[in-house]
Structures are given as structure tokens and as C-alpha cells.
Amino acid sequence: MNSPDNGNIRHVALVSEQRGRVRDLAGFRRSHQVPDECNDRTQSFIAKIAACDISDDLDMRFTEFRRHLKFKRIELKVTEPENGFGAISTPWFDYRITVTHCAEDVTEAIWRRQVTDFRNTSALLSSEFASVFGRLFNTVEFQCPESIDMEAFIDQMEDRNDPDLSVDYDRSSTWCSLTTSRIPGELSVQSDRIALITQQPQLPARLLEAFFQFREQLVGIEGFSTPSKG
């Protein structure tokens, strides 16, 4: 795969979201109770009891970034855990981790790990990068610099009459999902965000390749420009 240029890759994030039991967080004590609702108070509670878990994750990534990517200490800027968030900024990218309370199942917390703000696209596709993250990510997110006209986008997709392209959307045209047998995963489109979601986690280079392949299928669609490649 040719590397996408730096100007466009900055808007891309590799994402992994996983769920775990609230009671399994390191800060959960016998005196604590699992929340029975989700609100600002329970979000603060989850952030507090997840602080040690986030710190351990940052310790592991810090070690891996030094060992496999050969970064020096002064090149790694760590944001210590606070309010359920921690991060490490490297010369190539930013790594971020958040732990939040799950609204759909209040007995669970959501772990979101992402790599974003890429500054070196060739390094992103390197074996060293893959050795650090492996098959962690199952989603590529692209934050659109310009808003997509969802009604026009949906109409143009349906007008293609492509029997291999499945198009689904809500009656208010706030989202659209696309699938095709030619490319693995589901492309989720909203006015400000495009995401390719695969059923199984992929190596970073494979996940990005599938994302850009899907976007190339949509060349010429109004409001949905494809990033140029180097």
C-alpha cells in the first residue's frame, strides 16, 4: 500500500474499544457498589477507580515505545491519568487511553485506546509499529475537515445501483452504513466522521489499507473526497 500523505493522515485514528466489568477495575474496593445508573457522578467514580489501570497501561506502552520504536526519554511526553484519561505523545503519533462508564450496561466500563495525530506515515506502516500494537485495533476513524451532506450522499449511493453494495441508513439521514464483499468491514458515515469497523482486529497496515480501498470506491461522490496518496 502506498502511504497516504501526512496532510490527510493527521485526521485518521486507529481505535480499539473493549468492555470490562466495573468491579474488575484496580481501584474497586469491597466497600464500593457497582453503579445502577450512568451519570456524571458515576463517570467520575469510574475515572477514579480506573486511574491505576490507566497508569499501568501507560507504563507498558512507555516501555514498548522505547524498546521497539527506539524513542528516547525526552521524546516521550506522558500525560498522567486524570478524569479517566491518559496519553503519551511521541515523535510519530499520540497514544491515548480513556476509561468511561458504559451507558448501555452500567455494570461495565469502556476502554478506548487510540493512536492519532500521525506525524510520520511511513513509520505508521512499519514492522516496528506493528510489533507494538499487533492486532489491537478494529476501527479506523476519519474526522472530516468539511461536513458531508448526508441526504445527498445517501441518494448518490443508492443511484449507483451497485448490487454488491449494501446501503443502510436511518429515516432522518443522520447516518449511513455501507458494506461490500470486495472489502472487509462496514463503513459508517456521519456528517463529520467516517469509520471503517471490522469484525476482527487487524494489523495497522491491513486496517488502513482496507479503509483507503473503501474510500477509493467512493471517488466522485459529492462531499466525500478521497485523501490523496503519496
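The structure this text deals with has already been given above.
Residues numbered from 1 in each chain as written. Predicted model: local features only at pLDDT ≥ 70, side-chain atom pairs only at ≥ 80, totals over all residues. Heavy atoms only, no water.

Our next topic: the nonpolar core. Of all hydrophobic cores here, the largest spans 55 residues; its most connected members are Leu14, Phe65, Phe93, Phe118 and Phe133. Here this core takes six residues from helix α7 (residues 204-216), the largest share from any one element. Once you skip the residues sitting within four places of it in the chain, phenylalanine 133 turns out to touch Arg61, Phe65, Phe93, Tyr95 and Val115. (Core = buried A, V, L, I, M, F, W, Y, C linked by side-chain atoms within 4.5 Å. Buried < 20%, exposed > 50% of the residue type's maximum accessible area, 1.4 Å probe, protein only. Helix = DSSP H or I, 4+ residues; strand = E, 2+ residues; numbered from the N terminus. Contact = heavy atoms within 4.5 Å.)

Attention now moves to the packing of aromatic side chains. To describe a pair of aromatic rings, one takes the distance between the centres and the angle between the planes. With the rule as written, the count across this model stands at eleven aromatic pairs. Ring centres of phenylalanine 71 and tryptophan 92 lie 5.2 Å apart, and the angle between their planes is 80 degrees; this geometry places the pair in the edge-to-face category. Here tryptophan 92 lies in the loop between β3 (85-89) and β4 (94-101) and phenylalanine 71 lies in the loop between α3 (51-69) and β2 (77-82), a separation of 21 residues in the sequence. By way of ring pairs, the aromatic residues Phe65, Phe93, Tyr95, Phe129, Phe133 and Phe137 are connected into one cluster. (Phe/Tyr/Trp six-rings, centres within 6.5 Å; stacked < 30°, edge-to-face > 60°.)

The complete set of buried residues in helix α2 (residues 40-49) reads Thr42, Phe45, Ile46, Ala47 and Ile49. The secondary structure elements touched by the buried residues of α2 are α3, β4 and β5 (108-116). Two to three positions downstream of the cap, the backbone nitrogen of arginine 41 sits 3.0 Å from a side-chain oxygen, assigning the N-cap of α2 to asparagine 39. (Polar contact = N/O pair within 3.5 Å; in protein donor to acceptor, adjacent residues only side chain to side chain.)

Next up on the list: the environment of threonine 79. Inspection of the secondary structure assignment puts threonine 79 in strand β2. Distance from threonine 79 to leucine 58, taken between C-alpha atoms, is 9.1 Å for residues 21 residues apart in sequence. For threonine 79, the contacting residues outside a window of four places in its chain are Leu58, Phe85, Gly86 and Ala87.

Another point: the pairing of β5. Counted residue by residue, β5 has nine buried out of nine residues, so it is predominantly covered. In β5, alternate side chains face the same way, and those of Glu108, Ile110, Arg112, Gln114 and Thr116 on one face and Ala109, Trp111, Arg113 and Val115 on the other are all buried. Sheet analysis places strand β1 (residues 12-21) next to β5, joined by eight bridges and oriented antiparallel. Bridge pairing in β5 links arginine 19 to isoleucine 110. (Pairing = 2+ DSSP bridges.)

This part takes up the state of the cysteines. This structure, assessed with the given rule, holds zero disulfides. The thiol of cysteine 176 is unpaired, and the distance to the nearest cysteine sulfur, on cysteine 144, comes to 13 Å. What makes cysteine 176 buried here is its relative accessible area of 0%. (Disulfide = S-S within 2.5 Å.)

Along the chain, the position of histidine 101 falls in strand β4. For histidine 101, the side chain forms a polar contact with the side chain of threonine 42, separated by 2.9 Å. Among all residues touching histidine 101, those that are not within four sequence positions of it are Val22, Pro35, Glu37, Cys38, Thr42, Gln43, Ile46, Val106 and Glu108.

Two strands pair when backbone bridges link them, and strand β8 (residues 175-180) and strand β9 (residues 183-190) are joined in this way by five bridges, in the antiparallel orientation. Residue pairing across strands places tryptophan 175 opposite glutamine 190, the latter belonging to β9. Taking the residues that link successive antiparallel strands as the turn, the β8-β9 hairpin has two residues. Pairing of β9 with strand β10 (residues 193-202), which is carried by five bridges, proceeds in the antiparallel orientation. Each residue of the ladder has a partner; that of valine 189, found in β10, is isoleucine 194. Two successive antiparallel strands, β9 and β10, enclose a turn made up of two residues.

Read these as layout, nothing more, since geometry by itself doesn't imply function.
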